[in-house]
Amino acid sequence: MRLGLVIDLDVCVGCHACAIACKEWNASGTIGPLSDYQPYGAEPSGVWFNRIRHYEMDEYPNNKTVNFPMSCMHCEDADCVTVCPTGASYKRAEDGIVLIDQDKCMGCNYCSWACPYGARELDRSSGTMKKCTLCVDRIYDENLPVEERQPSCVLTCPAHARMFGDFDDPDSAVSRVVRERGGYPLMPELNYNPTNTYLPIRRKPVIGVETKPKGGLKESIKQFANRLVRR
Amino acid sequence: MHPAFSVIFFTVASGAGFGLISLLFIADSFKLGGGFSREELTIGGLIALGLIVFGLLSSTFHLANPKNAWRAVTRFRTSWLSREGVFAIAFMPLALVYLASIWFDAPLWLRETVGFLTAVLAWITVFSTGMIYACLKTIRQWNTPLVPANYLALGYASGSLLLLLGAVRAGLDTTPYIAMSALIISIAAVLKAIYYFWIRSPGLTPTINTATGLTRAKVKLLDTGHTHGTFLTQEFGFKLARQKAGLLKVVVFALGFGLPGVMLVWVFEQQGGLAAAAVAAMAGIAGAAVERWLFFAEARHVVNLYHGAQRC
Ligand code: SF4
Ligand code: SF4
């Protein structure tokens, strides 16, 4: 099994609901708490597993805002795991989920240096590294109804921009949609082989931008008069 | 990258310590300049060990959770940080046996063998320190064989200057020590110059387009999605103006290589040898510290692409 997420950039509306749901679930989950520093102060900051950034593609009038959620990609060739000197970082053979053993981490930050996607964040109050667990404590919970055995972010997304599934199974919904829509990994040139896949923005016809119609002779005289006569 | 003081101190101090003890072994086996006495060799060796131990201790200040630091030696097979720890630990008893064999006048074969192994392990440890940085694909400015080469050259340059200081104090013939220092400093300067030319354009790097996969058009950041800094901006967001970097490079060369070079000539001409050798050693180590700071400050992690950088 190779579990991971598909994120549809064409659909994401950038509402940050997945980030909030992630924080809510994981703050009391296997790896929590996730500290906040100065939550109501002037400089609020804290640990998040999932961050949404906003980009602009192309230039006016062809520009488009792209909302870009990012969390751990659960890479196949994850350097964050190999560089870890304590063995705290590990990748599960059975489902490919990359996790951090909080009892082993010494907080050296080395794994965060090795991650190209900024998926790992040090929790200053516990002194340990934290990251997306793919809600490992949810997706295998047999007390939950089957349809709820999914990561929090996927369940909560109001736009259905996220999908969760097994990329090793060619017939899974995630594999199919990646095939059909031309899903792609981020920064493939670094060869981390991230599991999470992004669906591209669809090409749409450019909406024409009309230039302001020119006024007639009457309008020009009026403007000329206005410039002459100052109120 | 954020330049952390504890890491800079660690790499400079332990690099000098490992360099010093390796060259001490060479000075001892070849009796350079007449050869140090038993006491002088032991004191020199202890100073080297002190630098190494202080360095290693200071590196633990960098850890957010030092109580788990002992686990850092458990991933020898994949992690250079782990390898460095293992080699440093393996080095310690060897170095102590070497110093003991000097002090107690052990048979020459034992002293030579243990000394040789000590020197080799010192070399491997400094190499591993360099590889901690060089193995990261995410930081193009570090991902080059020039990095371990630089760590070795600077560690040995600092060590050779300390050894020269010792030779002047001991009243030995300083010529071989000056020659050794001059050679190592020249190599270090050449390597550093190559590195500085190379990082002006370190080959192909990821861009904001490959980072987002939006390769059809220009991409720019609109909003990072957080109101204040995050762990990522604190750790990777450090920026250094090109001009300031240029100025600091001049400082590295003037302080780290130029001044020690002039002082070597001074020592050779015997005009107040001890003071000149002390200045050379201090300047060399200060230059190495500036070099290390710059090494961190100039490195740009690819995560900056997600925070608006166009290329790294
Ligand atoms: S995204 Fe980063 S933290 Fe997650 S597996 Fe890949 S390298 Fe590791
Ligand atoms: S911060 Fe923790 S998980 Fe990351 S490399 Fe260091 S010990 Fe391993």
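Residues numbered from 1 in each chain as written. Chains lettered and ligands numbered in written order. Predicted model: local features only at pLDDT ≥ 70, side-chain atom pairs only at ≥ 80, totals over all residues. Heavy atoms only, no water.

Caption draft 1: How the structure looks around the overall build of chain B. From N to C terminus, chain B includes 10 helices and one strand. Relative to its length of 312 residues, chain B is compact, with a C-alpha radius of gyration of 22 Å against a globular reference of 20 Å. Along the three orthogonal principal directions, the C-alpha set of chain B runs to about 70 × 45 × 30 Å. Burial status across chain B gives 55% buried among its 312 residues. A separation threshold of at least 6 residues defines the contact pool for chain B, and within that pool the share at least 24 residues apart is 79%. Carbon and sulfur atoms make up 71% of the accessible area of chain B, which amounts to about 13,400 Å² in all. Where the 23 positive side-chain charges of chain B centre and where its 12 negative ones centre are 20 Å apart. (Helix = DSSP H or I, 4+ residues; strand = E, 2+ residues; numbered from the N terminus. Rg over C-alpha atoms; globule rule 2.2 N^0.38 Å. Buried < 20%, exposed > 50% of the residue type's maximum accessible area, 1.4 Å probe, protein only. Contact = heavy atoms within 4.5 Å. Areas by Shrake-Rupley, 256 points an atom, 1.4 Å probe, with all protein chains shown as cover. Lys, Arg positive; Asp, Glu negative; His and termini not counted. Charge placed at Lys NZ, Arg CZ, Asp CG, Glu CD.)

Caption draft 2: Geometry of the nonpolar core. Counting 156 residues, the largest nonpolar core has Tyr117 of chain A together with Phe91, Tyr133, Trp142 and Tyr177 of chain B as the members making the most contacts within it. The greatest single-element share of this core, amounting to 13 residues, is contributed by helix α5 (residues 146-170) of chain B. Formed by six residues, the second largest nonpolar core is a distinct cluster that contains Val6, Val177, Val178 and Leu199 of chain A. (Core = buried A, V, L, I, M, F, W, Y, C linked by side-chain atoms within 4.5 Å.)

Caption draft 3: Looking closely at the site of ligand 2. What surrounds ligand 2 is a group of 13 residues, the closest being Cys84, Ser89, Cys105, Cys108 and Cys111 of chain A. Looking at side-chain class alone, the shell around ligand 2 contains nine nonpolar, four polar and no charged residues. (Near = heavy atom within 4 Å. Nonpolar A, V, L, I, M, F, W, Y, C, P; charged D, E, K, R; others polar.)

Caption draft 4: Expanded view of the pairing of strand β4 (residues 51-57) of chain A. Counting buried positions along β4 of chain A gives seven out of seven residues, so the element sits mostly inside the fold. Residues Arg51, Arg53, Tyr55 and Met57 of chain A of β4 of chain A are buried on one face, and the alternating residues Ile52, His54 and Glu56 of chain A, pointing to the opposite face, are buried as well. The pairing of β4 of chain A with strand β5 (residues 64-70) of chain A spans seven bridges and is classified as antiparallel. Each bridged residue has a counterpart across the sheet, and for Tyr55 of chain A the counterpart in β5 of chain A is Val66 of chain A. Two successive antiparallel strands, β4 of chain A and β5 of chain A, enclose a turn made up of six residues, where Asp58 of chain A displays a positive phi of approximately 65°. Relative to strand β1 (residues 219-223) of chain B, β4 of chain A is paired through four bridges, and the arrangement is antiparallel. Within the sheet, the bridge partner assigned to Glu56 of chain A lies in β1 of chain B and is Lys220 of chain B. (Pairing = 2+ DSSP bridges.)

Caption draft 5: Structural detail: unusual backbone geometry. Residues and elements named next belong to chain A. The omega torsion across Gly32 and Pro33 is -5°, close enough to zero to call that bond cis. In this structure, Pro33 sits in the loop between α1 (17-27) and β2 (36-37). Going from Tyr60 to Pro61, the amide bond is cis rather than trans, its omega being 5°. Mapped onto the secondary structure, Pro61 falls in the loop between β4 and β5.

Caption draft 6: Main features of the site of ligand 1. In the region of ligand 1, 14 residues are neighbours, and Cys72, Met73, Cys75, Cys80 and Cys115 of chain A sit closest. A class-by-class count of the residues in the shell around ligand 1 yields 11 nonpolar, one polar and two charged.

Caption draft 7: View of the interface of chain A and chain B. Counting residues at the interface gives 59 residues for chain A and 60 residues for chain B. In this assembly, chain A packs against chain B so that about 4,700 Å² is buried in total across both faces, 59% of it on carbon and sulfur atoms. Summed over the three residues of chain A that lose the most area to chain B, namely Tyr55, Met106 and Trp113 of chain A, the buried surface amounts to 17% of that side. There are two salt bridges connecting chain A and chain B. Residue Lys220 of chain B is joined to Glu56 of chain A by a salt bridge in which the shortest nitrogen-to-oxygen separation is 2.8 Å. Remark: the boundary between chain A and chain B carries 27 residue pairs in polar contact (both at pLDDT 80 or more). Mapped onto the side of chain A that touches chain B, the elements with two or more residues apiece are β4, β5, α2 (79-83), α3 (110-114), β8 (121-123) and β9 (128-130) of chain A. (Buried area = accessible area lost by both parts, 1.4 Å probe. Salt bridge = Lys/Arg side-chain N within 4 Å of Asp/Glu carboxyl O. Polar contact = N/O pair within 3.5 Å; in protein donor to acceptor, adjacent residues only side chain to side chain.)

Caption draft 8: Expanded view of the sheet that holds strand β11 (residues 197-199) of chain A. Residue and element names in this part refer to chain A. Pairing in this open sheet of three strands is mixed, and the strands run β10-β1-β11 from one edge to the other. Edge positions in the sheet fall to β10 (162-166) and β11, since each has one partner strand and no second. Going from strand to strand, the sheet's axes swing by 25° on average, the running direction of each strand aside. In terms of strand pairing, strand β1 (residues 3-8) meets β10 through five bridges, oriented antiparallel. Pairing of Val6 across the sheet is with Met163, part of β10. Packing against the sheet, helix α6 (residues 173-181) makes contact with β1, β10 and β11, and its axis sits at approximately 115° to β10. (Axes fitted to C-alpha atoms, helices over the stretch in contact; angles between N-to-C directions.)

Caption draft 9: Region of interest: the packing of helix α6 (residues 175-198) of chain B against helix α9 (residues 242-268) of chain B. Residues and elements named next belong to chain B. Where α6 contacts α9, the axes come no closer than 10 Å and their chain directions differ by 165°. When the axis of α6 is compared with that of α9, the two are roughly antiparallel. The crossing of α6 and α9 is left-handed. Contacts from Thr175, Ile178, Ser181, Ala182, Ile185, Ala188, Ala189, Lys192, Ala193 and Tyr196 in α6 reach Lys249, Val252, Phe253, Phe257, Pro260, Leu264, Val267 and Phe268 in α9. Across the contact of α6 with α9, the residue classes break down as 14 nonpolar, two polar and two charged. (Parallel < 35°, antiparallel > 145°, perpendicular 65-115°, else oblique. Left-handed = near helix turned anticlockwise from the far one by under 90°.)

Just distances and angles here, no functional claims.
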